[in-house]
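Results of the structural survey
Each chain is listed here by its residues.
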Amino acid sequence: MIASFGRRQFGTLLGLIGLGALLTILTPHFLTVSNLLNITEQTTINALIAVGMTFVILSGGIDLSVGSIVALSGVVLGSALHGGMAVPAAILLSLATGALCGLANGLLIARGGLPPFIATLGLMSIARGAALLFTDGRPVSGFDAGFRTISTGRPFAIPAPVILMAMVYVVAHFILTRTTFGRYVYAIGGNEEATRLSGVRVGLHKTLIYVLSGITSAIAAGTLTARLNSAQPIAGIMYELDAIAATVIGGTSLLGGSGTLVGTLIGALIMGVLRNGLNLLGISSFLQQVVIGGVIIAAVLVDSLLNRRAQRRRARRAVELPRVAGTP
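All of the points below concern the structure found in this document. (Residues numbered from 1 in each chain as written. Predicted model: local features only at pLDDT ≥ 70, side-chain atom pairs only at ≥ 80, totals over all residues. Heavy atoms only, no water.)

**Quick word on the pattern of salt bridges**
Filter applied, for reference: One speaks of a salt bridge when a side-chain nitrogen belonging to Lys or Arg is within 4 Å of a carboxyl oxygen belonging to Asp or Glu. Comment: elements are numbered from the N terminus, with helices defined as DSSP H or I runs of at least four residues and strands as E runs of at least two. For each residue, the accessible area found with a 1.4 Å probe, counting protein chains only, is set against the maximum for its type, and the residue is called buried under 20%, exposed over 50%, and partly exposed in between.
Scanning all chains against the criterion turns up 6 salt bridges. Across the pair Glu41 and Arg154 runs a salt bridge, and its minimum N-O distance is 3.5 Å. With Glu41 in helix α2 (residues 33-58) and Arg154 in the loop between α6 (145-152) and α7 (160-178), this residue pair connects regions lying 113 residues apart in the sequence. You can call Arg154 partly exposed: its relative accessible area is 47%. Between Arg275 and Asp242 there is a salt bridge, with the nearest N and O atoms lying 3.3 Å from each other.

**Details of a nonpolar patch on the surface**
Heads up, the rule is: Patch construction takes residues with relative accessible area above 30% that form no salt bridge. Like charges are linked within 9 Å, and nonpolar side chains (Val, Leu, Ile, Met, Phe, Trp, Tyr) are linked within 5 Å. Only the protein chains shown count as cover for residues, and all accessible areas are computed by the Shrake-Rupley method using a 1.4 Å probe.
A cluster of nonpolar residues, Leu108, Leu114, Phe117, Ile118 and Leu121, forms a patch on the protein surface that exposes about 410 Å² of accessible area. Top contributing element to the nonpolar patch by residue count: helix α5 (residues 116-135), with 3 residues. Assignment of secondary structure puts Leu108 in helix α4 (residues 87-110).

**Describing the side chain of Thr97**
Counted only if it meets this: Pairing of N or O atoms within 3.5 Å defines a polar contact, subject to two protein rules: one partner must be a possible hydrogen donor and the other a possible acceptor, and residues neighboring in sequence count only if both atoms are side-chain atoms.
By secondary structure assignment, the location of Thr97 is in helix α4. Of note is the side chain of Thr97, whose polar atom sits 2.9 Å from the backbone oxygen of Leu93.

Take a look at the structure:
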């Protein structure tokens, strides 16, 4: 069933507001326009990857290859630019690289029958190795200022990556909530077998979901490459965990079939605010990893508890309905 902005997403929003209020009290540098813009800009990479991850998790899958796809798409983009290719063509080549990686995932899962964990874990290694082989392990650096405006530009004083992120979320939200494909994403995650028996081409739509995940990872790769002025084959390490965390913190169920992109965006912002606040407070980067890991575990634990509660409610209704039907 297509989920709207419900109580769980509202609770996540309150959590973001509460975290911001706490950091405002703890440090005077948090609630400033420049810092808030910095948080939003730093969140864009994770938020973009999390768009595709939301589609994947809603369908009942998982994609562990997104970080490696970021690296591979980035070095393809950087190498194309160094080779003299026009910026639009190089960007299209990078997007095609991400889409092909997603297509490989989708075919392995939908046609090959592999579990999503195994298929995407394998592609994670393949894409990372391909990025290292393609560049001989060296970064590709130094790009024209015109390309770098993707990250450095500030139309209307708003960072260009933030505008790009907003556009991607608007398009993805429309696809998820206003198209047949979006309804099938929820349906596959809710009950794949029932969806198949309804005549839906589940294999095709699952493949398209992973293609979409690859494309959003490639978009993130372009933004990251422009920001760093460098395409690195080791980029994107642990990005898959950040994207999964943003999606789950935002209220998308790991079992599939329930969640929203609005919630995912809030989840990504929570992670961005948390990292920024810990930096402002001078917390060790090692301790930051502990805190963020704890937040991820807590989010998954809440998801598990809510799913078990929902299953118990459904079980009770299933028992009560025959009794009601048999009442004289």
